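# Chains, contacts and geometry: an overview
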Amino acid sequence: MSSDAYQSVPLTLELTYDAEADASYLYLRKLQPNEKVAASLTAGEDVILDLDSENRLVGIEILRASGHLPNDLLEKFGIEKNRVDLTTRPRIEID
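Read on for an overview of the structure. Since this is a predicted model, take the numbers as computed values, not measurements. (Residues numbered from 1 in each chain as written. Predicted model: local features only at pLDDT ≥ 70, side-chain atom pairs only at ≥ 80, totals over all residues. Heavy atoms only, no water.)

Let's shift gears to the overall build of the protein chain. Within the protein chain, the secondary structure is distributed over 1 helix and 5 strands. The order of α-helices and β-strands along the protein chain, N terminus first, is β-β-β-β-β-α. Across the 95 residues in the protein chain, those meeting the buried criterion constitute 21%. Sequence separation of at least 24 residues holds for 36% of the intrachain contacts in the protein chain that already meet a minimum separation of 6. Accessible surface, the protein chain: about 7500 Å² in total, of which carbon and sulfur atoms supply 51%. (Helix = DSSP H or I, 4+ residues; strand = E, 2+ residues; numbered from the N terminus. Buried < 20%, exposed > 50% of the residue type's maximum accessible area, 1.4 Å probe, protein only. Contact = heavy atoms within 4.5 Å. Areas by Shrake-Rupley, 256 points an atom, 1.4 Å probe, with all protein chains shown as cover.)

Another aspect to go through is the environment of V47. Summarising the element assignment, V47 is placed in strand β4 (residues 47-51). Sequence separation between V47 and E61 is 14 residues, and the spatial gap between their C-alpha atoms is 5.7 Å. Once you skip the residues sitting within four places of it in the chain, V47 turns out to touch L41, T42, I60 and E61.

Nonpolar side chains collect at one region of the surface, where V9, L11, L13, L28 and L57 lie side by side and expose about 450 Å² of accessible area between them. With respect to the helices and strands, the residue L28 is situated in the loop between β2 (23-27) and β3 (39-42). Under the relative-accessibility criterion, L28 is labelled partly exposed at 32%. (Patch = residues over 30% accessible without salt bridge, like charges linked within 9 Å, V, L, I, M, F, W, Y side chains within 5 Å. Salt bridge = Lys/Arg side-chain N within 4 Å of Asp/Glu carboxyl O.)

Turning our attention to unusual backbone geometry. A positive phi angle is found at N55, which is not glycine, with a value near 60°. With respect to the element layout, N55 can be found in the loop between β4 and β5 (57-63). For R64, which is not glycine, the phi dihedral falls at a positive 50°. Note that R64 resides in the loop between β5 and α1 (71-76).

Have a look at this one:
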């Protein structure tokens, strides 16, 4: 890839954290009051991609966030790194 094809621009994105759920949400675009997330796609065990009605990515939800996000970011939320053990996952059995 030539250097002319690659561009970098500074962005300000909003990241929220729900301590009770240990989930984080990265807003790529704020939805208008009359808009809703039209579809959600699973992109790995703990990542959900939210799309608008035109299939544009509007947000990324990260489950078990304290085990996935970088330390410096976690510290901004007052979160202890690796609060959750990512090597084990609760098993759910369905009869």
